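Listed below are the residues making up each chain.
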Amino acid sequence: MYESYNDLKRSLDCVDFGDLVALPTHLLETRPEIARAVAADIGHILVDEYQDVNRASVGLLQQLSPGGRNLWCVGDVRQSIYRFRGASSFNLSRFETQDFKGGSRDQLDVNYRSVGEIVDSYQAFAAGMQIEGATPVALKSNRGTSGNPVEFRSVDGDTEREIDALADGILEMRNAGHAFRDQALLCSGNDRLAKIGAGLEARGIPVLYLGSLFERPEVKDLLAWISLLIDRRAMALAREFATPGLTIPLGDLGRFNEALNNDTARPLDWIKHPPAGLSEPAAAAVAAYSSLLAGFDGNSPPWDTLAQLLLDRSRVAAQIAGAGNMQARAKGIALWQLINFVRAQPAGRSGAIPALLERIRRLVRLSDDRDLRHIPQAAGAIDAMRLMTMHASKGLEFRVVHIPGMAKGTLPRNAAAPACPPPDGMIEGSDLDGESFAEREHMQEQQCLFYVALSRARDRLLVYAPGRTKKSERQPSPFVARLGFGLSRLYVTPSSFNLPPDNPSIAMIYRGQPLFRQSELALYERCARRFFYTHILKLGGRRTTTAYEDMHEIVRQAVRELIATGTIAAEAAGPDEIVERLWSASPLAALPAAPAYRRLAGELVRHFVAMNDGKPIVPAHRLSFTLAGATIEIEIDYAQTDAAGELRELRQVQTGHRRTTAMEGAAVMATLLAVNDQAPGCGAEILFLSDAARERLSLKDGPLDTRRRKLEANIAAILSGQFPTKTSPRSCPKCPAFFMCGTVPGGTFEKNFA
DNA sequence: TTTGGTGACTTTTTT
DNA sequence: AGTCACCAAA
């Protein structure tokens, strides 16, 4: 693979980051005359952050500065936080002994950045670090003591309460004379940073961090609008828009869905032919969309379209410009980022809008939207908090530093076993086996990371951790206890910021006997809001599928057909023919990787056949039972019968792998509840074709009862209109509702069960 | 004292 | 998906 990758790079005349070091090093090593000429041309070399170089960089440096002539390096092994990408403090330890013989080493003993209390604190932490090649240091602050100890604040409650406490701390520091722009908040991960950033913004604290750009309401408003240009089911109409006059009341959505729930509707048809019987506001909104979207379609150039929507067709930009408060400014900056992102996309000839939306989904799935989260340089003068990862903070300094979330298990994070540990004996200068080496490196790196974060602070340093959560006491990170004797521990009760509830319940009227299928209840467990869009509002939309998922769909069809034949036996000629017929009719057959997918599909179907023993079966049928006033319907894929024709084994088929949590949900166990109720004595199993594994549904009375109660609670929640979103950067970008998910329009929705 | 069940919480870092 | 903390049963 690496060879193919390299060939591809060469044929495209491209280089990657590794090549930027490897190619010049190779050139200078193989062409001494060039090396001499280049070295002669360079007077002095200064390398900063030497602990973060890798072996390849040292090789390049040796070529540029033979024998270390006029070379000056600065580094601190305690700040070695890029080991995961090949940097090694090993280079620092062998600097003057091997790599640049005859060099000399000196050490700083005065710290010019932080006040005495802070220096003492991270010195105390550093004293306990077991870092290879670290020489003991005794830094002294030249600023003297400030009278303000390093603080550790413990907060009872959930993350929201911790954000309350952070907001308190930030405002307190501001009252003590530190502007927002002089305060930084450091987290180890981006997801947490985004959550805290959004929380602070909601509490009125100005923040120079946008969080996930494509999750922001003002950005989603725009993306939802352009999604209407290509979505014949007009899913985005089920969103409450900030722009007045463009929201369809909840009570009217059913009419749109009836009108558009067919294969012949084309995008924007509903503007020319609105559904009959709309309320007045809904009809007015349709008219408003008519002028908002006139002349655009899926082939419109995205940048022009968005710019016109923002500036000419709506008052979005004007209102943001006029509002002048910090929230409006953040919105303006977010839209600015969006517009610039869109402008930088490759120009497509046709289908530019769907291409853009697809690209955004992919970007978010790969977390490749991170650079869009930071405010552009031009906005840097705004008086707002700096939010960044600890990694990004290296080399920077701030008057005040807040470090939230220092609970056990977050920092240090436990080392995950590396997927590909270095082979034993490969690491020069280490006698550990590959796995132990990786683990030790990880634990050292975690300490370095905390050390970096601590040492960013000039005047004030505040560390936060959750205390009691709903049920249990959370222990602080073991790092906290190493912060020295001067640490002041406070148990704070944060002020209340009176935020509106995140997921208010939705006004629903149900008519008839509620009926839910097992798959629907399973979806409710994964994301209640997705369930609402899909099964209550009946907004169309399949997930965006991959070729791999399409292959699984073929397997499902083949399994259904096999079951319909009434016998599933290895000697029957049927299975292969069925797969072959479905396969050749599918667009998958035209893909470059088709043979691999075809092989896999055949294998999964063979697993299915092999997991049956030719006993007579009866095809698919349904079981249903009543719970909490609703009917629950279970789809049994097939059943085996005994000689007397009695049902013996009920089977459900899943084509994928068995997950470790596959049996934990309440919805899976609805099958067992139904069997106990309708077919007592019958066994029930789920087949997982990818593993050729079967799982028997069985649970002791106690746990089964908690599943039953959980199901009852979910049904009650559905009936009372509770459909909270469960956002996740992993699953949301695949969801059909990704661009419109957000606040639901006001009004009441009538749901009719036959 | 051990164990199994449960709910809450976090899912790296990036030139 | 894995860890942590708690609780109740074994």
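Please refer to the structure higher up on the page.
Description of the structure in this document. (Residues numbered from 1 in each chain as written. Chains lettered and ligands numbered in written order. Predicted model: local features only at pLDDT ≥ 70, side-chain atom pairs only at ≥ 80, totals over all residues. Heavy atoms only, no water.)

### Comments concerning the overall build of chain A
Of regular secondary structure, chain A possesses 26 helices and 18 strands. Principal axes of the C-alpha set define a box for chain A whose edges measure 90 × 65 × 60 Å. Taking all 754 residues of chain A together, 46% fall into the buried category. Considering only contacts in chain A between residues 6 or more positions apart, those separated by 24 or more positions represent 78%. By element, 52% of the accessible surface of chain A is carried by carbon and sulfur atoms, the whole surface being about 37500 Å². (Helix = DSSP H or I, 4+ residues; strand = E, 2+ residues; numbered from the N terminus. Buried < 20%, exposed > 50% of the residue type's maximum accessible area, 1.4 Å probe, protein only. Contact = heavy atoms within 4.5 Å. Areas by Shrake-Rupley, 256 points an atom, 1.4 Å probe, with all protein chains shown as cover.)

### Describing the protein's contact with DNA strand B
Around DNA strand B, the surrounding shell holds 21 residues, and the nearest of these are Asn190, Arg370, Thr389, Thr706 and Arg707. Restricting the count to atoms of DNA strand B within 4 Å of the protein gives a sugar and phosphate share of 78%. Within the side chain of threonine 159, a nitrogen or oxygen atom sits 3.4 Å from a phosphate oxygen of DNA strand B. Arginine 370 places a side-chain nitrogen or oxygen 3.0 Å from a phosphate oxygen of DNA strand B. For the surface near DNA strand B, the elements supplying multiple residues, two or more each, are helix H9 (190-202) and helix H26 (701-719). Counting residues per element, the surface near DNA strand B draws most heavily on H26, which supplies three residues. (Near = heavy atom within 4 Å. Polar contact = N/O pair within 3.5 Å; in protein donor to acceptor, adjacent residues only side chain to side chain.)

### Overview of the pattern of salt bridges
Tallied over the full model, the rule gives 45 salt bridges. One salt bridge in this structure joins glutamate 397 and arginine 458, with 3.8 Å as the shortest N-O distance. Here the residue glutamate 397 occupies a position in the loop between helix H18 (390-393) and strand E8 (398-403), and arginine 458 occupies one in strand E9 (residues 457-466), the gap between them amounting to 61 residues. Residue class for glutamate 397 comes out partly exposed when judged on its relative accessible area of 39%. Here glutamate 685 and arginine 696 are joined by a salt bridge, their closest N and O atoms 3.0 Å apart. Separated by 11 residues along the polypeptide, glutamate 685 in strand E16 (residues 683-688) and arginine 696 in strand E17 (residues 693-696) bring together distant segments of the chain. Under the relative-accessibility criterion, arginine 696 is labelled partly exposed at 39%. The structure contains a network of salt bridges with shared partners spanning Arg517, Glu520, Arg622, Glu633 and Glu635. (Salt bridge = Lys/Arg side-chain N within 4 Å of Asp/Glu carboxyl O.)

### Examining the sheet that holds strand E10 (residues 488-492)
Strands sit in the order E7-E6-E8-E9-E5-E10 across an open sheet of six strands; the sheet is parallel. Sheet topology places strand E7 (386-389) and E10 at the edges, where each strand pairs with a single neighbour. Strand-to-strand, the axes of this sheet are offset by a mean angle of 25°, without reference to chain direction. Bridge analysis of strand E6 (residues 183-187) against E7 gives four bridges, and the strand direction is parallel. If you follow leucine 186 over to E7, its bridge partner there is methionine 388. The strands touched by helix H8 (residues 159-175) within the sheet are strand E5 (151-155), E6, E8, E9 and E10, with E9 carrying the most contacts at an inclination of about 160°. (Pairing = 2+ DSSP bridges. Axes fitted to C-alpha atoms, helices over the stretch in contact; angles between N-to-C directions.)

### Digging into the protein's contact with DNA strand C
The environment of DNA strand C is formed by Lys408, Asn414, Lys471, Ser472, Glu473, Gln475, Arg659, Thr660 and Thr661. Here, DNA strand C places atoms within 4 Å of the protein, and 100% of those atoms are sugar or phosphate. Contact distances for DNA strand C include 3.1 Å between a phosphate oxygen and a backbone N or O atom of glutamate 473. One nitrogen or oxygen atom from the side chain of threonine 660 is found 3.1 Å from a phosphate oxygen belonging to DNA strand C. When grouped by side-chain class, the residues that make up the surface near DNA strand C number no nonpolar, five polar and four charged. (Nonpolar A, V, L, I, M, F, W, Y, C, P; charged D, E, K, R; others polar.)

### Considerations on helix H7 (residues 116-127)
For H7, which comprises 12 residues, the first-to-last C-alpha distance of 16 Å matches the rise-based estimate of 16 Å (1.5 Å per residue) to within 8%. With nine of 12 residues buried, H7 is to be regarded as a mostly interior element. Looking at H7, one finds that the buried residues are Gly116, Glu117, Ile118, Val119, Ser121, Tyr122, Gln123, Phe125 and Ala126. The inward-facing, buried residues of H7 abut strand E3 (110-111), strand E4 (140-141), helix H19 (434-454) and E9. (Expected span 1.5 Å × (residues − 1).)

### Considering the packing of aromatic side chains
Summed over all chains, the structure comprises 22 aromatic pairs. Through successive ring pairs, a cluster of aromatic residues spans Tyr510, Phe516, Tyr524, Phe531, Phe532, Tyr533, Phe723 and Phe753. The side chain of arginine 239 reaches across the aromatic face of phenylalanine 241, ending 5.9 Å from its centre. Above the ring of phenylalanine 753, the side-chain terminus of lysine 751 is found at 5.4 Å from the ring centroid. (Phe/Tyr/Trp six-rings, centres within 6.5 Å; stacked < 30°, edge-to-face > 60°. Lys NZ or Arg CZ within 6 Å of the ring centre and 35° of its normal.)

### What to know about the environment of glutamate 96
For glutamate 96, the location among the structural elements is in helix H6 (residues 95-99). C-alpha of glutamate 96 to C-alpha of glycine 68: the two residues are 28 residues apart in sequence and 9.1 Å apart in space. Beyond its immediate stretch of four places on either side in the chain, glutamate 96 contacts Lys101, Gly102, Gly103, Ser104 and Arg105. A polar side-chain atom of glutamate 96 sits 3.1 Å from a polar atom in the side chain of arginine 105.

### Looking at the side chain of glutamine 446
Locating glutamine 446 in the fold gives a position in helix H19. Taking relative accessible area as the criterion, glutamine 446 reaches 8% and is therefore assigned buried. Only 2.7 Å separates the side chain of glutamine 446 from the backbone nitrogen of arginine 413, close enough to count as a polar contact. Sequence-distant contacts of glutamine 446, defined by excluding residues within four places in its chain, comprise Thr410, Leu411, Pro412, Arg413 and Phe479.

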